[in-house]
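Examination of the molecular architecture
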Amino acid sequence: MTKTVFTALLLTNMLLVSLLSLPAPAQWDIRLDSPLRESMLDDGSLDQHGMIEETLLLAPAAEGIPAAPIPVDLTPTEVAPAEPLPIQPVPIQPVPIQPDTSGISISGPSAMDPILWSDSPERPFPGSVDAATSTGPCGCDQGLACDGTCGCQSTSPGVSCQWTPWQNFRGPSLPIDFERFMIGANFRKQRTHDRGIGYERVMFAPNVLDTAIQVPHFGVRLKLDDGLQTPDRAEYYWGQPAGPETGLNAQDLSVRLAVGNEKAMVLTQYTMRSLDPEINDNTTGFGDMVIGAQALLVDGKRTKVATVFRTYLATGPVKRGLGTGHTSLEYGLLGRHCLRPETYAFAELKYWMPLKGTEGIAGDVLSTGWGISTIAAESDVFAFLPTLEIKTLSFLFGGQNATSPTTFQRVDGETAIEVYPGARFVLGPKSDLGLWEFGVATGFTIADEQWFDTRFVFDARLSF
């Protein structure tokens, strides 16, 4: 029995290796280096690739019609020589050649395609603009090319501004085509001449920061905090529970709904919190509720600026550590800037203010944030978008009791810096319910040892 199983496995492996060794089928609409794109007027290149084996001059007879000999009179006849016609010399005037900006090419797609790709730096896509010789349809200055989305971009001659790092990658020539197992190769095979889904979602990729423009969505966020030593600092995280606390681990599960458009958006959020303190009892329950709105202030082609206003309602039981115990307001500005069609930068400035809290403990908090997102890999139905976000919390005044059960400490000017490397994954195409996105980020704190040690954020979003 063992020998039979071993033989079956060996034959299966041999069959798998032989199948993987077969050459991949050519895709003429993607491979720009195919023989059909080298020359459309010369058969020499096709003959070199083995695509022409014989001269096709005779067409087969139609079915059902017998071929009959056609009598031909081969008797030679005398024909009188024709007199030559007088030819008047015509001067040839040089015709100035105008540069072709229509983008029409006999070997490429139609010029009506809005965005085309080029897999080779030496062979730019049809319709691209040479940055060294032309200003393009956007009216760009000398040395800039039009990218069709963000405006004028600085590009090298012959290289499209939609270049991405994985386009020119070629795997080693081996008997087994290991490139089939590489994610980038699968993305290149699925990618068409149009931009993929990553270019549509990279501007919404941050997991922690708010973006100047949001889309209507339903979202679920799981946030895991570990090693938070000062949870009552300025009553920003929670209020004053039944007893002082020196540290805790917490899990927050938030559900939010945002509706509106890119000009104006309203949001509501509710949180379920689970706490594992060192001194107080473990507890789980509903936390504070958030309602807010944001509106677009600056609607530039590459730069967007919006204002945001949120209200935090004290719906969580403060004695159990599930809420702050007071209503607080937060307002600020959100910014977004397009660096390149595949790369966006983000910024935010917010001010959090408690309306009523414990005297000497509650205080205002100024938060800032910076972030960047880009496209690492994409296709028409999937995108991998790495992100890097940095957020600061400056506790302008207030206090804390968490350093020890009986010690009170002022926190005027204390600043915590949070760093979040992460990524967002887009799963398409968009269905009748919406488009699914999943984001993950891992945060850690620098410049403040008493804030949390690590934080994990998982965000799922269904965009309408």
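Here the focus is empty space enclosed by the protein. One pass over the structure, following the stated rule, counts four cavities of 30 Å³ or more. Estimates place the volume of the largest cavity at around 1100 Å³. It is strand E5 (residues 264-277) that provides the largest number of residues to the lining of the largest cavity, a total of four residues. Grouping the amino acids of the lining of the largest cavity by side-chain chemistry returns 16 nonpolar, 13 polar and 14 charged.

Note that Gly-321 resides in the loop between strand E7 (303-313) and strand E8 (328-340). Between the alpha carbons of Gly-321 and Thr-283 there is a distance of 8.2 Å; along the sequence they are 38 residues apart. Once residues lying within four places of it in the same chain are set aside, the contact partners of Gly-321 are Trp-238, Pro-241, Arg-273 and Leu-275.

This part covers the nonpolar core. Ranked by size, the top nonpolar core spans 22 residues in total, and within it Leu-228, Leu-248, Leu-275, Phe-395 and Trp-451 carry the most contacts. Listed by contribution, the elements that provide at least two residues to this core are strand E4 (248-260), strand E12 (382-395) and strand E15 (414-427). Every residue in contact with Phe-395, bar those within four places of it in the chain, is listed here: Arg-233, Ala-234, Tyr-236, Asp-364, Val-365, Val-411, Asp-412, Gly-413, Glu-414 and Trp-451. Listed in part, the 21 residues of the second largest apolar core include Ile-197, Phe-204, Ile-213 and Tyr-344.

This part takes up the packing of aromatic side chains. By the definition in use, this model includes ten aromatic pairs. With a centroid separation of 6.2 Å and an interplanar angle of 85°, the aromatic rings of Tyr-236 and Phe-395 are classed as edge-to-face. Within this pair, whereas Tyr-236 is found in the loop between strand E3 (217-228) and E4, its partner Phe-395 is found in strand E12, the two being separated by 159 residues in sequence. For Tyr-236, a relative accessible area of 22% gives the class partly exposed. Measuring from ring centre to ring centre gives 5.3 Å for Tyr-270 and Phe-286, while their planes differ by 50°; the resulting arrangement is tilted. With Tyr-270 in strand E5 and Phe-286 in strand E6 (residues 283-299), this pair connects stretches of sequence that are 16 residues apart.

Conventions used here
- Residues numbered from 1 in each chain as written.
- Predicted model: local features only at pLDDT ≥ 70, side-chain atom pairs only at ≥ 80, totals over all residues.
- Heavy atoms only, no water.
- 1 Å grid on protein atoms, 1.4 Å probe; cavity = no way out; pocket = protein on both sides within 12 Å on 5 of 7 lines; lining within 4 Å.
- Points joined across faces, edges and corners; volume = space filled by probe spheres on them.
- Helix = DSSP H or I, 4+ residues; strand = E, 2+ residues; numbered from the N terminus.
- Nonpolar A, V, L, I, M, F, W, Y, C, P; charged D, E, K, R; others polar.
- Contact = heavy atoms within 4.5 Å.
- Core = buried A, V, L, I, M, F, W, Y, C linked by side-chain atoms within 4.5 Å.
- Buried < 20%, exposed > 50% of the residue type's maximum accessible area, 1.4 Å probe, protein only.
- Phe/Tyr/Trp six-rings, centres within 6.5 Å; stacked < 30°, edge-to-face > 60°.

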